[in-house]
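# Observations on chain architecture
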Amino acid sequence: EELVTVGLMRQHVEPRETAAVGLLVAVGAFEAVAWLADPLGVHRRLNGGKPLAVGLRVLAASVNAGIHVGAALALRARSPTATSVAVPVVAMFVANQTVFWWWPYLLGRRAGASTTRMATEHAHELRTAPRLLPSADATTEPDRLVPDAEHTLLLPLSAAALAAMCSHAAAARLVRTTPLLASTALCAALPLLFLTSSPQPATEFAPMLACATVLGVSAATATAAAR
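Below is a summary of the structure that appears in this document. (Residues numbered from 1 in each chain as written. Predicted model: local features only at pLDDT ≥ 70, side-chain atom pairs only at ≥ 80, totals over all residues. Heavy atoms only, no water.)

## A closer look at the layout of surface pockets
Of the voids in this model, the largest pocket is the one considered here, and its volume is about 570 Å³. Around the largest pocket, the lining comprises 25 residues; the ones closest to its centre are Trp35, Asn64, Gln97, Trp101 and His151. Mapped onto the lining of the largest pocket, the elements with two or more residues apiece are helix H1 (2-36), helix H2 (42-46), helix H3 (54-77), helix H4 (80-107), helix H5 (113-125) and helix H6 (149-171). With 8 residues, H4 is the single largest residue contributor to the lining of the largest pocket. The residue inventory of the lining of the largest pocket, partitioned by class, reads 15 nonpolar, 8 polar and 2 charged. (1 Å grid on protein atoms, 1.4 Å probe; cavity = no way out; pocket = protein on both sides within 12 Å on 5 of 7 lines; lining within 4 Å. Points joined across faces, edges and corners; volume = space filled by probe spheres on them. Helix = DSSP H or I, 4+ residues; strand = E, 2+ residues; numbered from the N terminus. Nonpolar A, V, L, I, M, F, W, Y, C, P; charged D, E, K, R; others polar.)

Right, here's the structure in full:
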């Protein structure tokens, strides 16, 4: 009976693992190409029209791709500790994509003072970058940020990877409370530091959204794993 139960569990878990690992590796590859080759010229535009130094490109690619490849390796190794640490980190990556690119696009100036200031700078720097989304009404908010093609594709891909990772981690019981809480606290603290530079912290909803994302993902994963 135990062998049958284990066999059924593997049939249930292994497809989830394959999907999660595949999506995480895909995000890692996407980020490696985006930073190292910059095929759409996004990072060159953000650097004043000049290519980033090789060292900076390698560092950025290593961090952004490494987060997702590391998470994929944690799942493949079926390490509860490593997976518990990785879940909030990947959630933080998705939260950052949301608050720095999509929050200003959807809300404009209502996104908050500091967020709007950065978004306005990015909007000016990326005004000639390839886009897949329509621009905001130029008569009302001509400086509203529209995510470039690279970041338009990155959010749904990384969000799908996060969802698949959490689903597999919960189904395979790859969640441990202590490392999950420690990683969640660290990741949730990062956007709070953003508030210290805001002239109007009470209206700066972007870092609050980032915190809520990390806390929500971590809590949902832990709750599902405990069932």
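## What to know about helix H7 (residues 177-195)
Since the α-helix advances by 3.6 residues per turn, residues separated by three or four positions end up pointing in the same direction. For H7, spanning 19 residues, the distance from its first C-alpha to its last is 28 Å, which sits close to the expected 27 Å at 1.5 Å a residue. Every buried residue of H7 is listed here: Pro179, Leu180, Ser183, Thr184, Cys187, Ala188, Pro191, Phe194 and Leu195. (Expected span 1.5 Å × (residues − 1). Buried < 20%, exposed > 50% of the residue type's maximum accessible area, 1.4 Å probe, protein only.)

## Some thoughts on empty space enclosed by the protein
Inspection of the entire model under this criterion finds 1 cavity of 30 Å³ or more. Among the elements that line the lining of the largest cavity, the one with the most residues is H5, at 3 residues. Of the residues that constitute the lining of the largest cavity, the class distribution is 3 nonpolar, 3 polar and 4 charged.

## Comments concerning the packing of H3 against H4
Direction vectors running N to C along H3 and H4 enclose 145 degrees, while the axes themselves pass 9 Å from each other. You can see that H3 and H4 cross each other, and the crossing is left-handed. Two secondary-structure elements touch here, H3 through Asn64, Ile67, His68, Ala71, Ala74 and Leu75 and H4 through Ala82, Thr83, Ala86, Val89, Val90 and Phe93. For the contact of H3 with H4, the residue count by class is 9 nonpolar, 3 polar and no charged. (Axes fitted to C-alpha atoms, helices over the stretch in contact; angles between N-to-C directions. Left-handed = near helix turned anticlockwise from the far one by under 90°. Contact = heavy atoms within 4.5 Å.)

## A word on the packing of aromatic side chains
The description of two aromatic rings rests on the distance between their centres and on the angle between their planes. Scanning all chains against the criterion turns up 1 aromatic pair. Between Trp102 and Tyr105 the ring centres are 6.2 Å apart and the planes differ by 85 degrees, which places this aromatic pair in the edge-to-face class. Here the residue Trp102 and the residue Tyr105 both occupy positions in helix H4, the gap between them amounting to 3 residues, near one helical turn. Across the pair, exposure class does not vary: Trp102 and Tyr105 are buried alike. (Phe/Tyr/Trp six-rings, centres within 6.5 Å; stacked < 30°, edge-to-face > 60°.)

## Brief notes about the environment of Arg173
Tracing the backbone shows Arg173 in the loop between H6 and H7. Linking Arg173 and Ala222, residues 49 residues apart in sequence, is a C-alpha distance of 9.0 Å. Among residues more than four places away in sequence, those in contact with Arg173 are Ala224, Ala225 and Arg227.

Read these as spatial facts, not as claims about activity.
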